[in-house]
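# Structural overview for review
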Amino acid sequence: MWLRRGLKRALSAIFIFTLLWSCSDENVVIPEYDPNKPVEISSFVPDSGGVGTQLVVIGENFGSDTSLISVYVNGNEAKVIGVNDTRVYAVVPVRAGTGNVKVVMNHADSVITDKAFNYKLQQNVLTVAGMTDENGNGDRVDGNLENAKFKFPYYLDIDDDNNIFMLERKANKSWESDQAIRYVSLSEGQVSTKLTSGGAMGNLRPIAYSMTQDTLWCTNDSWNAGVDLFTLTRSQGWFDPTERLHARTGNCVAVNPVDGSVVSSHYLKSMVKWFNPNTGEEKDLLTLGENYVVYLAFSKDGEYLYMTVPEGYQAERGKFYRAKWNSEEKTVSDPELIVSLDYLKNPRQIATDYEGNVYVCDTGNHTIEIWNPKTREIRTFAGIRGEAGYQDGLPLESKFNAPSGICVGKDGAIYVADNENHRIRKIVVE
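In this text, all values refer to a predicted model and were calculated from it rather than measured experimentally. (Residues numbered from 1 in each chain as written. Predicted model: local features only at pLDDT ≥ 70, side-chain atom pairs only at ≥ 80, totals over all residues. Heavy atoms only, no water.)

## Digging into the overall build of the protein
When you go through the protein residue by residue, the secondary structure sums to one helix and 34 strands. On the principal axes, the C-alpha backbone points of the protein span a range of 85 × 50 × 45 Å. The buried share of the protein, taken over its 430 residues, is 52%. When the accessible surface of the protein is split by element, carbon and sulfur atoms take 47% of a total near 19100 Å². Both charge centroids of the protein, one from 43 positive and one from 56 negative side chains, sit 5 Å from each other. (Helix = DSSP H or I, 4+ residues; strand = E, 2+ residues; numbered from the N terminus. Buried < 20%, exposed > 50% of the residue type's maximum accessible area, 1.4 Å probe, protein only. Areas by Shrake-Rupley, 256 points an atom, 1.4 Å probe, with all protein chains shown as cover. Lys, Arg positive; Asp, Glu negative; His and termini not counted. Charge placed at Lys NZ, Arg CZ, Asp CG, Glu CD.)

## Comments concerning the nonpolar core
Grouped together as the largest cluster of nonpolar side chains are 37 residues, with contacts concentrated most on Ile-181, Val-272, Leu-296 and Met-307. In contact with Val-272, not counting residues within four places along its chain, are Val-263, Ser-264, Ser-265, Lys-283, Asp-284, Leu-285, Leu-286, Val-294, Leu-296, Leu-305 and Met-307. Counting residues in hydrophobic clusters, the runner-up holds 24 residues, among them Leu-55, Val-71, Val-83 and Ala-90. (Core = buried A, V, L, I, M, F, W, Y, C linked by side-chain atoms within 4.5 Å. Contact = heavy atoms within 4.5 Å.)

## A closer look at the packing of aromatic side chains
Under the criterion given, the structure shown has 14 aromatic pairs. Between Trp-217 and Phe-275, the ring centres sit 5.9 Å apart and the planes meet at 70°, which makes this aromatic pair edge-to-face. Linking Trp-217 in strand S16 (residues 215-220) with Phe-275 in strand S21 (residues 271-275), this pair joins segments that are 58 residues apart in sequence. Here Trp-217 and Phe-275 have matching classes, each one buried. (Phe/Tyr/Trp six-rings, centres within 6.5 Å; stacked < 30°, edge-to-face > 60°.)

## Quick look at the sheet that holds strand S32 (residues 403-408)
Across the sheet, four strands lie side by side as S9-S34-S33-S32; this open sheet has antiparallel pairing. Edge positions in the sheet fall to strand S9 (123-129) and S32, since each has one partner strand and no second. Taking the axes of each pair of neighbouring strands and ignoring which way they run, one obtains an average angle of 25° across the sheet. Inspection of the sheet shows strand S33 (residues 414-418) paired to strand S34 (residues 423-429) by five bridges, in the antiparallel sense. Paired with Ile-414 across the strands is Ile-427, a residue of S34. (Pairing = 2+ DSSP bridges. Axes fitted to C-alpha atoms, helices over the stretch in contact; angles between N-to-C directions.)

## Examining the side chain of Asn-276
With respect to the element layout, Asn-276 can be found in the loop between S21 and strand S22 (282-287). A distance of 2.9 Å separates a polar side-chain atom of Asn-276 from the backbone nitrogen of Asn-278. (Polar contact = N/O pair within 3.5 Å; in protein donor to acceptor, adjacent residues only side chain to side chain.)

## Re the pattern of salt bridges
Applying the stated rule across the entire model yields 19 salt bridges. Here Arg-182 ties to Asp-142 by a salt bridge, and the two come within 2.9 Å at their closest N and O atoms. Note that Arg-182 is positioned in strand S13 (residues 180-185) and Asp-142 in the loop between S9 and strand S10 (143-144), a separation of 40 residues in sequence. Between Asp-178 and Lys-151 there is a salt bridge whose closest N-O contact spans 2.7 Å. In this pair, Asp-178 is assigned in the loop between strand S12 (163-168) and S13 and Lys-151 in the loop between S10 and strand S11 (153-158), connecting sequence segments 27 residues apart. Sharing partners across several salt bridges, the network here consists of Arg-140, Asp-142, Lys-151, Glu-168, Asp-178 and Arg-182. (Salt bridge = Lys/Arg side-chain N within 4 Å of Asp/Glu carboxyl O.)

## With respect to the sheet that holds strand S20 (residues 262-266)
Hydrogen bonding along the main chain pairs the strands of a sheet, whether they run parallel or antiparallel. Reading across the sheet, the four strands line up as S19-S20-S21-S22 and stay open at both edges, with antiparallel pairing between neighbours. The sheet is open, and its two borders are formed by strand S19 (250-255) and S22, each paired with just one other strand. The sheet shows a mean angle of 25° between the axes of neighbouring strands, taken without regard to direction. Alignment of S20 against S21, held across five bridges, turns out to be antiparallel. When the bridges of S21 are listed, Val-263 appears paired with Trp-274.

## Overview of the environment of Lys-79
If you trace the backbone, Lys-79 turns up in strand S5 (residues 76-83). The residues contacting Lys-79, other than those within four sequence positions of it, are Tyr-89, Ala-90 and Val-91.

## Let's talk about unusual backbone geometry
A cis amide bond, omega -10°, links Val-45 with the succeeding residue Pro-46. Not every positive phi belongs to a glycine, and Thr-249 is a case in point at roughly 55°. The phi dihedral of Arg-376 is positive, around 60°, even though this residue is not glycine. Tracing the sequence through the fold places Arg-376 in the loop between strand S30 (367-372) and strand S31 (377-382). On the basis of relative accessible area, Arg-376 is assigned to the partly exposed category, the value being 41%.

## Concerning the state of the cysteines
A full pass over the atoms with the stated rule returns zero disulfides. Free cysteine Cys-361: the closest other cysteine sulfur is in Cys-407, separated by 9.6 Å. A residue is classified by how much of its surface remains accessible, and Cys-361, at 0% relative accessible area, is buried. (Disulfide = S-S within 2.5 Å.)

## Here we look at the environment of Thr-196
In this structure, Thr-196 sits in strand S14 (residues 190-196). The exposure class of Thr-196 is partly exposed, given its relative accessible area of 45%. Each C-alpha atom of the pair Thr-196 and Pro-38 lies 68 Å from the other, and the pair is 158 residues apart in sequence. Setting aside residues up to four positions removed in sequence, Thr-196 forms contacts with Arg-140, Gln-179, Ala-180 and Leu-204.

Structure follows, in structure tokens:
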């Protein structure tokens, strides 16, 4: 939606420029840029705005050839759409930030304003894909994004090319026989099913891309010493699972984005283990002492392992931990309790961004929470606490229904598996 707004602003700017140009005297000859004269900026309007804002820079000796002009906002290049010697018309780029406006002529002469353009961030929640019937039920239908359907999106991971792997299972059931791993290519606009539950993979659990993004690590909760960890590979089209570990009660897997370490959690004693994919060796890292599901995520710098633990009857409560990762020893520090039981309700997947922020799907409260490691404060990032629903718009006015999965794209966009709305939602913060 914010892209559409930006486009509308840009088109409006082009219309205004065209109108001004067409209303001018046809006999007026606009001077060319004179490299022997100084380029001057007297002002610019407006003084603030976000992506797509129409920016008019007022001054002298801009000439009439847009190919000779470059405009920058806080060092980020804006698209020049017109010029008439005393006015340059440009469109503010995404994530420009607050800073001075600079005009560069013919890659040589430049002038910069004393006053800064105040860049205002824009936030929005929108629906990427997913449809329901008249009763709000989902389905499993492959195809293009507009027509694809999902059945309880549960867990997500995304690669650098905007390809999302999604696990489907119902969030509010400990056992759901109908599960699947789906592949959502945002770049190609297509959805396909790669694996459905059954046989040795009868209770599918969370997934994670490898560091090189050519392998998908998958967990399976087998109570009968069955397949615990298995992989799908890009070279095989993400079909044909390969068993990597024969064990019990696998619950979650995370891959360190810096050193490639594979860490998994297990229901029995809430155990977290390191797994060596080359030798098949396992090593216990920590235990939280009870039989709970533990969800895992590494920070983008690979320095911390984050964990959420739903606790209590029907997981009405939850805890949020952090442990320091030692990449050389493949060990973690004692877990630090960040958020206690009185705030989170059935927390599930965690995701981190490139600024160090941590996002938690607070499934029971129908919100996405954000924790800032610098201020150590947690607050609601999107959704309305305690209110289930389906509504796009501003993050704190939007509504989710049992959101359980979350991932952060390379461009900073946040994707949410909105479990009981059967949709993938996107939170744009630019």
